[in-house]
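# Examining the three-dimensional arrangement
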Amino acid sequence: MSARNSTTWVVVILIILSALFAISMAGAPDLRLENKKRVMREKVREMFHHAYDNYMKYAFPHDELKPLSKSYTNSLSELGNLNLEHLSQSYNGSALTLIESLSSLIVMGNYTEFEKAVQWLSHNLSFDVDARVNLFECNIRVLGGLVSAHLLATDSRNMFTQGTYNDELLGLAEDLAQRFLPAFDTPTGLPYAWINLKYGVMENETTETSTSGCGSLILEMGALSRLTGDPRYETAALHALRTLWSMRSSLNLLGSTLNMATGEWTGHSTGIGAGVDSFYEYLIKAYILFGKEEYWRMFHSAYIAAQKHLRHGPWYHEADMRTGHATYWQLTSLQAFWPGLQVLVGDIPAANSSHREFFNVWETFGVLPERYLLDHQILHPTEKYYPLRPELAESTFYLYQATKDPWYLEVGETMVKSLNTYTKVEGGFASVRDVTTMELEDHQHSYFLSETCKYLYLLFDDSFLAERNYVFTTEGHPLLVRSDWHDRLPETFFLANYSQIQIQRPNRVRRASALSQQLCPATKSSSGGGRSQMVESACHILDAHTYYRCLADEDCGVDATTCRWRSCSMAGYCGLW
């Protein structure tokens, strides 16, 4: 072979090798990312089982674990009871943490432990106990945990191996919900905040309640009605929600506390945090789960009002429901759920900007403090604790699902490292009493297993969601979106009548729900005959023309991020001028 031919072959071989190397390197980042996700998934699994195993060893069948002293607390009657009033001396626990852990066991693939837990609860759990409980807390934790676990137990993917399941959890859920019903027997239909599981509403019971307490019952009680065929639970929850909505101000804002007997507000300051947060959450999630247009109309009005009157850049302050004037400039850890809610309506830019600010505070202190004063840029003098809350992990999960931006995986990794560094102890995971000193408190909240660990696990491994469409309750319990639960949908939402819709190729399906036609920013949907139709979303009202040209302000819509009306410039373009 001549030297010239040899040189040619060398060049050809080098080109081929370079191409192969480029191809292999192109796949390398994805491979590294998947390996990292597997490693982090296992770290979160270890966290969950460290918390769960210690609960089972030291606290079960009581309610929650005290990880420092390796003992227990019967805390169901203490939730929301800041002054620890009217505590029953005979109440001995309801295995609260076990109930809260059921769906997480399925998410993480531990079907054996799930089955064992279901069998124990089926034979041992009773709600015929002298315990005064907070209706809201008992609903989201216990009723929600049982309804969700029933749906998972009847899923064909989770077949029992050691026995059979005969709807025992559903029976327990219905028994509990029947004990809730006397709380709704009021002049307004708004429920009492407290109910004794054995004796009903106690004499001289307080009439003060919160917006969340009245307006965050529809998912669990509505799902129970659909499963049992008994409309009483959904009817009671929906009536309370409608009454609450009728009390809104002219700005479409609701206060934080009210008198449920008179229907009058006792706290006019409102925000997206404690006392109001899950009201917004349950409006949009009820729409997804049940497809009732009424929920969407309420949410749409409430969401735009919040964006208009409560938002200041990436932050959300509190305001007077009557005037919209700011009352308190503070971050609360419960507000960190809001970016996750915004993902559900597709308002990704707004979600991302707020999420990054919450994470900056997390990085500053190592965890997220309960309250941070934005106007003074200092911690609240007394509320400096971190009780293992899940809201930032929840929003991180939603944003990664929406964007697939690996930065959110880094956020999750930071959170996992912080939790293991600051809160993990030999007996479980302990709350932080003071984020400035990382002094610990002897309490492992049940939501650490139902939410914090679950959302972090799903961030790194979302296989549980494959071929299923779920709504997660405010306590992180998954409820399956089913087309047969949708009462009626307008013709414009025709595709949303189905849990699956065909796309592109006949053998491909995309999971859909009522919300599929209400995304933000706007999306295109087929209106039949091959034509595409732009649809409106939560805050984003489209310009009259897709190319942004206009003749007058009436041709311009509402911006998706700021919820401000766009206007027509002198040059004839819509924008935020």
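Remember, predicted model here, so these are calculated numbers, not experimental data. (Residues numbered from 1 in each chain as written. Predicted model: local features only at pLDDT ≥ 70, side-chain atom pairs only at ≥ 80, totals over all residues. Heavy atoms only, no water.)

### Some thoughts on the pattern of salt bridges
Within this structure, the stated rule accounts for 26 salt bridges. With a closest N to O distance of 2.8 Å, Arg322 and Asp320 form a salt bridge. We classify Arg322 as partly exposed; its relative accessible area is 49%. Look at Asp320 and you get buried, because its relative accessible area is 15%. A salt bridge links Glu383 to Arg371; the nearest nitrogen and oxygen atoms lie 3.0 Å apart. With Glu383 in the loop between β15 (378-379) and α13 (391-403) and Arg371 in strand β14 (residues 371-373), the pair connects residues that are 12 residues apart, well separated along the chain. (Salt bridge = Lys/Arg side-chain N within 4 Å of Asp/Glu carboxyl O. Buried < 20%, exposed > 50% of the residue type's maximum accessible area, 1.4 Å probe, protein only. Helix = DSSP H or I, 4+ residues; strand = E, 2+ residues; numbered from the N terminus.)

### Some remarks on helix α9 (residues 277-290)
If you check α9, its first and last C-alpha atoms are 20 Å apart, about what 14 residues at 1.5 Å a residue would give, namely 20 Å. For α9, the buried fraction is high: 14 of the 14 residues fall into the buried class. Following α9 by one or two positions, Gly291 adopts a phi angle in the positive range, close to 70°. (Expected span 1.5 Å × (residues − 1).)

### Observations regarding the packing of α9 against helix α10 (residues 293-309)
Orientation of α9 relative to α10, taken along the N-to-C sense of each, is 150°, at an axis distance of 8 Å. With respect to α10, the element α9 is oriented roughly antiparallel. Considering only the axes of α9 and α10, their crossing is left-handed. In this structure, α9 contributes Tyr280, Leu283, Ile284, Ala286, Tyr287 and Phe290 to the contact, and α10 contributes Glu293, Tyr295, Trp296, Met298, Phe299, Ala302 and Ala306. By residue class, the composition of the contact of α9 with α10 is 12 nonpolar, no polar and 1 charged. (Axes fitted to C-alpha atoms, helices over the stretch in contact; angles between N-to-C directions. Parallel < 35°, antiparallel > 145°, perpendicular 65-115°, else oblique. Left-handed = near helix turned anticlockwise from the far one by under 90°. Contact = heavy atoms within 4.5 Å. Nonpolar A, V, L, I, M, F, W, Y, C, P; charged D, E, K, R; others polar.)

### Re the environment of His380
Its place among the elements puts His380 in the loop between β15 and α13. Separated by 11 residues in the primary sequence, His380 and Pro369 have C-alpha atoms spaced 8.7 Å apart. Setting aside residues no more than four positions away along its own chain, His380 makes contact with Arg371, Tyr372 and Leu373. Among the polar contacts listed, one links the side chain of His380 to the backbone nitrogen of Thr382, at a separation of 3.1 Å. (Polar contact = N/O pair within 3.5 Å; in protein donor to acceptor, adjacent residues only side chain to side chain.)

### Concerning the side chain of Arg179
With respect to the secondary-structure elements, Arg179 resides in helix α5 (residues 168-180). We classify Arg179 as buried; its relative accessible area is 19%. Engagement of the side chain of Arg179 in a polar contact is seen with the backbone oxygen of Leu197, the distance being 2.9 Å. The contacts of Arg179, once residues within four sequence positions are left out, are Phe127, Asp128, Ile195, Leu197 and Lys198.

### Observations concerning the state of the cysteines
According to the stated counting rule, one finds 2 disulfides in the structure shown. Note on cysteine connectivity: Cys550 is disulfide-linked to Cys568, with sulfurs 2.1 Å apart. The disulfide joining Cys550 to Cys568 has a torsion of about 95° about its S-S bond and is therefore right-handed. Of the two residues, Cys550 is situated in the loop between β25 (532-534) and β26 (567-568) and Cys568 in strand β26; the sequence distance between them amounts to 18 residues. Take Cys550 and Cys568: they sit in the same class, and that class is buried. Note on cysteine connectivity: Cys556 is disulfide-linked to Cys574, with sulfurs 2.1 Å apart. An S-S torsion of about -85° defines the bridge between Cys556 and Cys574 as left-handed. On the criterion of sequence distance, the pair formed by Cys556 in the loop between β25 and β26 and Cys574 in strand β27 (residues 574-575) is long-range, its members being 18 residues apart. Each member of the pair Cys556 and Cys574 is classed as buried. In the protein, numbering the disulfide-bonded cysteines from first to last in sequence yields the connectivity 1-3, 2-4. (Disulfide = S-S within 2.5 Å.)

### Some details on unusual backbone geometry
Cis geometry is found at the peptide bond from Phe60 to Pro61, where omega equals 5°. Note on placement: Pro61 falls in the loop between α1 (3-58) and β1 (64-66). In this model, Lys404 sits at a positive phi of 55°, which is unusual for a non-glycine residue. Relative to the helices and strands, Lys404 is located in the loop between α13 and α14 (407-423).

### Quick notes on the packing of aromatic side chains
Counted according to the given criterion, the structure contains 25 aromatic pairs. Geometrically, the ring pair formed by Phe60 and Trp120 is edge-to-face, given 4.7 Å between the ring centres and 65° between the ring planes. You can see Phe60 sitting in the loop between α1 and β1 and its partner Trp120 sitting in helix α3 (residues 111-124), a full 60 residues away along the chain. Ring geometry for Phe365 and Tyr372: centres 6.0 Å apart, planes at 65°, overall edge-to-face. Put simply, the rings of Trp245, Phe279, Tyr280, Tyr287, Trp296, Phe299, Tyr303, Tyr316, Phe337 and Trp338 touch in pairs and so form one group of aromatic residues. When the ring centre of Trp194 is taken as reference, the NZ or CZ atom of Arg132 above it lies at 4.2 Å. Here Arg356 stacks its cationic end above the ring of Trp407, 4.0 Å away from the centre of that ring. (Phe/Tyr/Trp six-rings, centres within 6.5 Å; stacked < 30°, edge-to-face > 60°. Lys NZ or Arg CZ within 6 Å of the ring centre and 35° of its normal.)

### Details of the pairing of strand β7 (residues 264-267)
Taken together, the 3 bridges between strand β6 (residues 257-259) and β7 define a ladder with antiparallel strand orientation. Looking at the pairing, Leu258 lines up with Trp265 of β7. (Pairing = 2+ DSSP bridges.)

### Some details on the sheet that holds strand β12 (residues 326-328)
Spatially, β8-β11-β12 is the arrangement adopted by the 3 strands of the open sheet, whose pairing is antiparallel. Sheet topology places β8 (269-270) and β12 at the edges, where each strand pairs with a single neighbour. The sheet contact formed by strand β11 (residues 318-320) and β12 spans 2 bridges and is antiparallel. If you follow Ala319 over to β12, its bridge partner there is Ala326.

### Here's the deal with the confidence of the model for the protein
Mean pLDDT for the protein: 87, with 83% of residues reaching 70 or above. Contacts from residues 489-513, a stretch scored under 50 in pLDDT, to residues over four places away or in other chains number 44 contacts. (pLDDT = per-residue confidence, 0-100.)

### Observations concerning the sheet that holds strand β13 (residues 330-332)
Within a sheet, each strand pairs with its neighbour through backbone hydrogen bonds, oriented either parallel or antiparallel. Read across the open sheet, the 3 strands follow the order β13-β14-β15; overall the sheet is antiparallel. Here the strands that pair on one side only, and so sit at the sheet edges, are β13 and β15. Sheet analysis places β13 next to β14, joined by 3 bridges and oriented antiparallel. Of the residues in β14, the one forming a bridge with Gln330 is Leu373.

### Some points on the pairing of strand β18 (residues 431-434)
Taken together, the 3 bridges between β18 and strand β19 (residues 439-441) define a ladder with antiparallel strand orientation. Of the residues in β19, the one forming a bridge with Val432 is Leu440. The antiparallel hairpin formed by β18 and β19 contains 4 residues in its connecting segment, where Met438 sits at a positive phi of about 60°.

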